[in-house]
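Below, each chain spelled out in residue letters.
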Amino acid sequence: MYQGSITASETHRPIGSESPPAGRSPLGTLVFLALVIAPFVAFAYPVATVALLTGTVALAVLSRSVLRTLRRRSGRVQTLTLPGLGTVEYRITTN
């Protein structure tokens, strides 16, 4: 049994006057569906899943290695000799 007092705003409030909940974005819905479906796809195609994960890890390692090499060579003049064409000098700079 309710024994509290009713405030003035509660006595004159019409039923159903609350605003509807905010709409969900289509991108959020797609991300949610992808997260739900991803495990089923991974179990259905295990070889492709392992290949995709291996490729992603290899790409991450390669990109870190390339960035480390570029950082190490940054600011120094490098030369590249092209037989029959000449020598090219280049410098890698970072912004």
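Predicted model, so just to flag it, every value in this text is computed and none were measured.

Focus on the UniProt feature "transmembrane region" (unreviewed entry) in the protein chain
Working step 1: As recorded in UniProt, the sites labelled "transmembrane region" (unreviewed entry) are residues 30-63.
Working step 2: As a span, residues 30-63 carries 97% helix and 0% strand, and end to end its C-alpha atoms are 29 Å apart.

Observations concerning a nonpolar patch on the surface
Working step 1: There is a patch of nonpolar side chains on the surface, built from Leu 30, Phe 32, Leu 33, Val 36, Ile 37, Phe 40, Val 41 and Tyr 45 and spanning about 840 Å² of accessible area.
Working step 2: Position of Val 36 among the secondary structure elements: in helix H2 (residues 26-44).

Concerning the pairing of strand E2 (residues 86-91)
Working step 1: Counting buried positions along E2 yields zero of six residues, so the element is predominantly exposed.
Working step 2: Pairing of strand E1 (residues 77-82) with E2 involves six bridges; the strand directions are antiparallel. Residue pairing across strands places Val 77 opposite Arg 91, the latter belonging to E2.
Working step 3: Where E1 folds back on E2, the antiparallel hairpin that results is connected by three residues, among which Gly 84 adopts a positive phi of roughly 85 degrees.

Some points on the side chain of Gln 78
Working step 1: With respect to the helices, strands and loops of the structure, Gln 78 is situated in strand E1.
Working step 2: Overall, the relative accessible area of 16% leaves Gln 78 in the buried class.
Working step 3: Sequence-distant contacts of Gln 78, defined by excluding residues within four places in its chain, comprise Arg 73, Val 88, Glu 89 and Tyr 90.

So, how was this worked out
- Residues numbered from 1 in each chain as written.
- Predicted model: local features only at pLDDT ≥ 70, side-chain atom pairs only at ≥ 80, totals over all residues.
- Heavy atoms only, no water.
- UniProt positions renumbered as here; feature names shortened; annotations may be inferred.
- Helix = DSSP H or I, 4+ residues; strand = E, 2+ residues; numbered from the N terminus.
- Patch = residues over 30% accessible without salt bridge, like charges linked within 9 Å, V, L, I, M, F, W, Y side chains within 5 Å.
- Areas by Shrake-Rupley, 256 points an atom, 1.4 Å probe, with all protein chains shown as cover.
- Salt bridge = Lys/Arg side-chain N within 4 Å of Asp/Glu carboxyl O.
- Buried < 20%, exposed > 50% of the residue type's maximum accessible area, 1.4 Å probe, protein only.
- Pairing = 2+ DSSP bridges.
- Contact = heavy atoms within 4.5 Å.

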